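# Structure assessment
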Amino acid sequence: MCEHYVARADEPFRLDELWSFTDRLERYGIAGFGWGAAWMSADGHINSHRATCAFRDDLGREAIGAVETNAALVHLRRPSKLSTLGLADTQPFDDPAGRFSFSHNGDLRDVRSWRARFRAAGRIHGRADTEVGARWLEDAWDSQTRPPALLATLHETFGGQANLSLLSADGAVSAYAGNTENPVFTFRLGKIGLASTGIYSLDRSIFRYVAPGAAERKLIRIGGTITLNRHGVAAVAS
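Summarising the element assignment, Val236 is placed in strand E13 (residues 234–236). As for Val236 and Ile220, which are separated by 16 residues in sequence, their C-alpha atoms are 9.0 Å apart. If sequence neighbours within four positions are ignored, Val236 has contacts with Thr225 and Ile226.

Right, dumping it as structure tokens:
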């Protein structure tokens, strides 16, 4: 079971302000099979970094940590299928058009027919189910549905146990809770608002082991989507 989170704040923050939290989330979440991050750059574009090693072992995290941003998405891998341990399956997935970055934990059940369709179009490069969801999201993005609401529709389309996170090119971040085995919480670490999975523990142990100093702690209900506004405050997506 992977772990992931989105973060947003009114004032720019260095990514390494979240590195202690990230390290504990990986350790207690039993991840460590690759990791990735996406963030808004000063020029208004989404930049990203992915590695097939654990977050704790990636020497590149020091340079990434010096980056300043207002919004970010971080994913820590513990794949359901260890046959997917490659860069092509390492999250988050960036939209080729630069509109979003997307991550998922759990499983997307009904991907076979969609995978065949996207593979025939030359759009599948790895073996994980998340990539199929990312391709679907690319095609659905320009619909009349607001991006946060697309996360619930994606889960309805594929089924399975699924928590979903999204960073959009306008700096908005969203989180969808659809995995009954891995709750999602919102909280604040200082000036930064977060929505994070809960270390594959059905209780609130994330606040004991990973984020003991967290304020404004709330659970996202199953089937619910939240967004973090520019101040990092969580609101139910409409």
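Resuming the write-up.
If you trace the six strands from one edge of the open sheet to the other, you get E5-E6-E7-E8-E12-E13, paired in antiparallel fashion. At either margin of the open sheet sits one strand with a lone partner, and together these are strand E5 (93–94) and E13. One ladder, built from two bridges, connects E5 with strand E6 (residues 100–106); its direction is antiparallel. Each residue of the ladder has a partner; that of Asp94, found in E6, is Ser101. Contacting E5, E6 and strand E7 (162–168), helix H4 (residues 129–140) crosses the sheet at an angle of about 140° to E6.

A separate point is the nonpolar core. Soluble globular proteins: nonpolar side chains tend toward being buried together. Membership of the largest hydrophobic core comes to 29 residues, with the highest contact counts inside it found for Tyr5, Phe21, Leu25, Trp35, Phe187, Leu194 and Ile206. Mapped onto this core, the elements with two or more residues apiece are strand E1 (3–14), helix H1 (19–28), strand E2 (35–40), strand E4 (68–76), strand E9 (184–189), strand E10 (192–197) and helix H6 (206–209). Residues within four places of Phe187 in sequence aside, it is in contact with Phe21, Ile192, Gly193, Leu194, Ser196, Ile206, Phe207, Ala211, Ala214, Ala215, Glu216 and Arg217. Grouped together as the second largest cluster of nonpolar side chains are 22 residues, Leu151, Ala152, Leu154 and Leu166 included.

Once that is clear, we can look at helix H5 (residues 147–158). Counting along an α-helix, one turn takes 3.6 residues, and residues three or four places apart therefore face a common direction. For H5, spanning 12 residues, the distance from its first C-alpha to its last is 17 Å, which sits close to the expected 16 Å at 1.5 Å a residue. Turning to H5, its buried residues are Pro148, Leu150, Leu151, Ala152, Leu154, His155 and Phe158. In the core, the buried residues of H5 are packed alongside E6, helix H3 (112–120), H4, E7, strand E8 (173–177) and strand E12 (224–228). One or two positions beyond H5, positive phi appears at Gly159, with a value near 70°.

This brings us to the side chain of Gln91. Mapped onto the elements, Gln91 comes out in the loop between E4 and E5. For Gln91, a relative accessible area of 3% puts it in the buried group. Within the structure, the side chain of Gln91 is placed 2.7 Å from the backbone nitrogen of His104, a separation counted as a polar contact.

The tally for this structure, following the rule as stated, stands at zero disulfides. Left without a disulfide partner, Cys2 is nearest to the cysteine sulfur of Cys53, which lies 15 Å away. By relative accessible area, Cys2 is classed as buried at 7%.

For the rest of this paragraph, the subject is the sheet that holds E4. Strand order in the open sheet made by the seven strands is E3-E2-E4-E1-E10-E9-E11, with antiparallel pairing throughout. Two strands close off the open sheet at either side, each with one partner strand: strand E3 (46–51) and strand E11 (215–220). Going across the sheet, the axis of each strand differs from the next one's by a mean of 15°, ignoring polarity. Two elements, E1 and E4, share eight bridges in a ladder whose sense is antiparallel. Of the residues in E4, the one forming a bridge with His4 is His75. Most of the contacts of H1 go to E1, to which it runs at about 175°, and overall it touches E1, E2, E4, E9 and E10.

Okay, the packing of H4 against H5 next. Angle between the axes and distance between the axes: these two values describe a pair of packed helices. In contact at an axis separation of 11 Å, H4 and H5 are set at 125° when each is read in the N-to-C sense. As judged from the angle between their axes, H4 and H5 are oblique. The handedness of the crossing between H4 and H5 is right-handed. Residues Val132, Gly133, Trp136, Leu137 and Ala140 of H4 form the contact with H5, whose participating residues are Leu150, Thr153, Leu154, Thr157 and Phe158. Residue composition of the contact of H4 with H5, grouped by class: seven nonpolar, three polar and no charged.

Between Gln91 and the following residue, Pro92, the backbone shows a cis peptide bond with an omega angle of 5°. By secondary structure assignment, the location of Pro92 is in the loop between E4 and E5. A positive phi angle, near 55°, is found at Ile199, a position not held by glycine. Structurally, the position occupied by Ile199 is in the loop between E10 and H6. For Tyr200, which is not a glycine, the phi torsion comes out positive at approximately 50°. Inspection of the secondary structure puts Tyr200 in the loop between E10 and H6. According to the relative accessible area criterion, Tyr200 is partly exposed, its value standing at 43%.

Thresholds, definitions, all that
- Every chain's residues receive numbers from 1 upward, in the order its sequence appears when written.
- The model is predicted, so local features are restricted to residues of pLDDT at least 70 and side-chain atom pairs to those at 80 or more, both for listing and for counting; the totals for chains, interfaces and linings are taken over all residues.
- For the side-chain quantities, the full set of heavy atoms in the structure was used; hydrogens and water were omitted.
- Secondary structure elements are taken from DSSP: a helix is a run of H or I of four residues or more, a strand is a run of E of two residues or more, and numbering for both begins at the N terminus.
- Residues are treated as being in contact if the distance between any of their heavy atoms lies within 4.5 Å.
- DSSP calls a pair of strands paired once it identifies at least 2 bridges connecting them.
- Here the axes come from fitting lines to C-alpha atoms, over the contacting stretch only for helices, and the angles between their N-to-C directions go from 0 to 180 degrees.
- Here, nonpolar core means buried Ala, Val, Leu, Ile, Met, Phe, Trp, Tyr and Cys residues that are tied together by side-chain atoms lying within 4.5 Å of each other.
- The cut-offs for exposure are 20% and 50% of the maximum accessible area for each residue type, with area from a 1.4 Å probe on protein chains only; residues under the lower value are buried, those over the upper are exposed, and the others partly exposed.
- Between the first and last residue of a helix there are one fewer steps than residues, each counted as 1.5 Å, and that sum is the expected span.
- We define a polar contact as two N or O atoms separated by no more than 3.5 Å, with the added condition that, inside protein, one atom must be a possible hydrogen donor and the other a possible acceptor, whereas residues neighbouring each other in sequence contribute only through side-chain atom pairs.
- A pair of sulfur atoms, both from cysteines and within 2.5 Å, is called a disulfide here.
- The cut-offs work like this: below 35 degrees is roughly parallel, past 145 is roughly antiparallel, 65 to 115 is roughly perpendicular, and the gaps in between are oblique.
- With the far helix as reference, a near helix turned anticlockwise by less than a right angle produces a left-handed crossing, and one turned clockwise produces a right-handed crossing.
- Under the convention adopted here, Pro, Cys and the residues Ala, Val, Leu, Ile, Met, Phe, Trp and Tyr are nonpolar, Asp, Glu, Lys and Arg are charged, and Gly plus all remaining residues are polar.

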